[in-house]
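Survey of secondary and tertiary structure
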Amino acid sequence: MRIDRLSSHFAMSVALLAFWPISPPANAAADLERGRYLVGALTACDNCHTPRGPSGYDLSRRFSGGAQTFSQATYVVRGSNISPDVETGVGAWTDKELRAAIVDGVGRDNRLAPVMPSDSYKPLTTRDLDAIIGFLRAAAPVRAPLQAPQQRNGEWAPHPMPGAAAPFDETSLADKQTRGLYVASLARCMSCHSAEVDGAPDYRNRLGAGGKIFHNAAGVVVASNITSHPAKGVGAWSDEALKRAITQGLSRDGAPLRPPMSTLAKAHFSKMSRDDLDALVAWIRTLPPKE
């Protein structure tokens, strides 16, 4: 009789569990949202890895590979498929392999072309790097074979931002200046706003001084000086003017900035949190003036 009663209780428990809503652990959901934020607001993975339509990114094919070609003396490549498709994306890659690709620029078979901004992602905290990987794995798999051309030759030396060559500790981000440096590196501010020598940013002599040349649909675009120089840089800009440039793609006088800044501002940096934006502006203020 006792056995029958226990069996009845067990059957009822199983039946209740079958209809009880099961939610992911709170920390897992938070990590997924953190990954969504990092990819959407800072690292801007879509910029190279998602095809575009007339109105912007084609999110129905998100992470299936970009259409633009990146070309330098040692490589001609397109953004690859980083969706979790097993055959044509990174669905069969291990977390270790994805970490190596993101922060070390090393793919499954060889080094990635230096247009992959792994140097900028080196300061990622362990949690943030795992959050990005988790978010990419949660995306819809899209079958899209790698598009030609794909040519890579030669070796490339790493060029991380000064002070951002290794993973940051989570607790260090409580410091506003450290957080600003972290955001600036992930958003690749200095790799765009520093002049180049032999295809690599000259952080030693031209950090933030502008001069990098872009060739895009808007024509030839030269990155601007964002050091604290009062005339040549942004030293005379207000914090609000800087924030408007970062998040809306508008200059100090309200004129629209040219791509790639205008597109990155609207598609990604407009999603930046208030704390990250405040920290970034505070850190930019520390850049020594350069003409």
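An account of the accompanying structure is given in this report.

So, how was this worked out
Residues numbered from 1 in each chain as written. Predicted model: local features only at pLDDT ≥ 70, side-chain atom pairs only at ≥ 80, totals over all residues. Heavy atoms only, no water. Pairing = 2+ DSSP bridges. Helix = DSSP H or I, 4+ residues; strand = E, 2+ residues; numbered from the N terminus. Phe/Tyr/Trp six-rings, centres within 6.5 Å; stacked < 30°, edge-to-face > 60°. Buried < 20%, exposed > 50% of the residue type's maximum accessible area, 1.4 Å probe, protein only. Contact = heavy atoms within 4.5 Å. Salt bridge = Lys/Arg side-chain N within 4 Å of Asp/Glu carboxyl O. Disulfide = S-S within 2.5 Å.

**Describing the sheet that holds strand β4 (residues 75-78)**
As summarised here, the arrangement of the 3 strands in space is β3-β4-β5, forming an open sheet in which the pairing is antiparallel. The open sheet terminates on both sides in strands that have one partner only, identified here as β3 (69-72) and β5 (151-152). As paired elements, β4 and β5 share 2 bridges and run antiparallel to each other. By the bridge assignment, Y75 is partnered in β5 with R152.

**Some words on the packing of aromatic side chains**
For the structure shown, the criterion picks out 2 aromatic pairs. Centre to centre, the rings of F63 and F135 are 6.3 Å apart; their planes meet at 85 degrees, and the pair counts as edge-to-face. Placement of the pair is F63 in the loop between β2 (56-57) and β3 and F135 in helix α6 (residues 126-138), with a sequence separation of 72 residues. For the ring pair F168 and Y182, a centre distance of 5.4 Å and an interplane angle of 40 degrees mean the geometry is tilted. Highlighted residues: F168 in the loop between β5 and α7 (176-186) and Y182 in helix α7, separated in sequence by 14 residues.

**Some thoughts on the environment of V142**
Along the chain, the position of V142 falls in the loop between α6 and β5. For V142, a relative accessible area of 9% puts it in the buried group. Residues V142 and M190, 48 residues apart in the sequence, show an inter-C-alpha distance of 32 Å. If near-sequence neighbours (up to four positions away) are discounted, V142 is found in contact with S60, R61, R62, S64, N81, S83, D85 and T88.

**Structural notes on the pattern of salt bridges**
Within this structure, the stated rule accounts for 14 salt bridges. Note that R285 is salt-bridged to D239, the shortest N-O span being 2.6 Å. Placement of R285 in the segment after α12 (274-284) and of D239 in helix α10 (residues 239-248) is noted, with a sequence separation of 46 residues between them. The class for R285 is partly exposed, based on a relative accessible area of 29%. Residue D239 is classed as partly exposed on the basis of its relative accessible area, which comes to 38%. Note that K243 is salt-bridged to E240, the shortest N-O span being 3.9 Å. One end of the pair, K243, and the other, E240, are both in helix α10, 3 residues apart, so they sit about a helical turn from each other. When its relative accessible area of 51% is taken as the criterion, E240 is described as exposed. The network of salt bridges with common partners includes E240, K243 and D278.

**What about the state of the cysteines?**
Think of a disulfide as a covalent bridge from one cysteine sulfur atom to another cysteine sulfur atom. For the structure shown, the criterion picks out 0 disulfides. There is no disulfide at C45, and the cysteine sulfur nearest it, in C48, is 8.7 Å away. Relative accessible area serves as the criterion here: at 13%, C45 is assigned to the buried category. C192 takes part in no disulfide bond, and the closest cysteine sulfur to it belongs to C189, at a distance of 8.1 Å.

No statement about biological role is implied by the geometric values presented.
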